[in-house]
Every structure is written in C-alpha cells, then in structure tokens.
Amino acid sequence: MQLEGKVALVTGGTRGIGLEISHRLADRGADLILAYKKDLENATAAKDALEAKGRRVQLIQGDLRKPEGVEALFEQIKTGLDQIDILVLNAAFGTMGEVDRMGRYSWRASYDTNVLSPMLTAKAALPWLKRKGGVITATSTLGAHTAYPTYVAIGSSKAAMESLVK
C-alpha cells in the first residue's frame, strides 16, 4: 500500500516500536507527525533519519497523559502539517511490580497513558480523520490477554485500551 500524500500521527513515534512504525510508514510514502514526551536528542535523530527518506516530519513534544497536553499537540498540528490520515496510538507507560506493591501513582500513570491519552487523542483527531476517511490503530501487548504477576498495571490498562479501540 502506497501512502503518498498521507500524513500519519504516531504517538511515541521517536523510539522503539513507534520509531519502527514511523520508518515503515515513511517507506510507503507517508509524511509524519511524531509526538514524544521528553527526549529531544532522540526525537531529533528520528526526525533526521525520516527526513533523509524524503518525508516531511513534524516533531511535537508533550505529555499526552494530561488533557492539556493533548490539546497542545493538536494546536501545534494546526500550525504545522495540518493533516492527519492515519493515527497510530503507540505511546505507552507502565510500572512492573506485584499488585500488592503497586501504588496509586503506578496505576494512575498506566491508565492515564494507556487508556485516557488514546481516547483523548483519537477524539481530537477525528475532524482530520473524517476529511478523507482516515484510520486509527493502536499498539498493545500480550499482557492484555495473559496474566503476568508483575505486569498487572500495564496489562490491565492495555486490555482497557483494546476495548476502547474496538
């Protein structure tokens, strides 16, 4: 599938699985909006590598766990590429540990990143996606379907995210 003329927003798109997804989209012709949380050096290296493929790349830093972070992301998109045809919900967070050792912060951060953020991001992207019939996809984990004793916050939040996407 060729994606010339399409723009993909990839949350967490500057490292790990998100960066690999970004490269594959770029290889098929998509331009990219890459949302990242804090590592500017890594994000800049990702941008440079993708631009070397002839793609336009807009980098946007922010904390998508917070509604105001999602709002700021979309305000910057308006002043940049101002197009979204593909939304890849990839940003993720989780703390490993036994359930009886997990504190409120670990639970809240996992659910804010892995459930609330994708919902808010997808909702904000809808006006762009509806223009030409865009698509939404999300990355998950085997831990959403298999119980691992130290993966409870991540696994359960990703299971909730999968339900949201469905």
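Only a predicted model underlies this, so the values are computations on that prediction, with no experimental measurement involved. (Residues numbered from 1 in each chain as written. Predicted model: local features only at pLDDT ≥ 70, side-chain atom pairs only at ≥ 80, totals over all residues. Heavy atoms only, no water.)

Draft legend 1. How the structure looks around the sheet that holds strand β5 (residues 135-138). The strand order across the open sheet built from 5 strands is β3-β2-β1-β4-β5, with neighbouring strands paired in parallel fashion. Two strands lie at the open edges of the sheet, namely β3 (57-61) and β5, each paired on one side alone. Between one strand axis and the next, the sheet turns by 15° as a mean value, whatever way the strands run. Bridge analysis of strand β4 (residues 86-89) against β5 gives 4 bridges, and the strand direction is parallel. When the bridges of β5 are listed, V88 appears paired with T137. Together, β2 (31-36) and β3 form the strand contacts of helix α2 (residues 40-51), whose direction differs from that of β3 by roughly 170°. (Pairing = 2+ DSSP bridges. Helix = DSSP H or I, 4+ residues; strand = E, 2+ residues; numbered from the N terminus. Axes fitted to C-alpha atoms, helices over the stretch in contact; angles between N-to-C directions. Contact = heavy atoms within 4.5 Å.)

Draft legend 2. Spatial organisation of the nonpolar core. Membership of the largest hydrophobic core comes to 19 residues, with the highest contact counts inside it found for L9, I33, L73, F74, I77, I84 and L87. Every element with two or more residues in this core is listed here: β1 (7-11), β2, α3 (67-78), β4 and α4 (104-132). Sort the elements by how many residues they give to this core and α4 lands first, with 5 residues. Every residue in contact with L9, bar those within four places of it in the chain, is listed here: I33, A35, L73, F74, I77, I84, I86, L87, V88 and T121. (Core = buried A, V, L, I, M, F, W, Y, C linked by side-chain atoms within 4.5 Å. Buried < 20%, exposed > 50% of the residue type's maximum accessible area, 1.4 Å probe, protein only.)

Draft legend 3. Highlighting the layout of surface pockets. Approximately 740 Å³ is the volume attributed to the largest pocket. Around the largest pocket sit 29 residues that line it, and G12, R15, N90, A91 and A92 are the ones nearest its centre. For the lining of the largest pocket, the secondary structure elements donating two or more residues are α1 (16-27), β2, α4 and α5 (152-165). Top element by residues in the lining of the largest pocket is α1. It accounts for 3 residues. Looking at the lining of the largest pocket, its residues break down into 9 nonpolar, 13 polar and 7 charged. (1 Å grid on protein atoms, 1.4 Å probe; cavity = no way out; pocket = protein on both sides within 12 Å on 5 of 7 lines; lining within 4 Å. Points joined across faces, edges and corners; volume = space filled by probe spheres on them. Nonpolar A, V, L, I, M, F, W, Y, C, P; charged D, E, K, R; others polar.)

Purely spatial values, then, with no claim about function.
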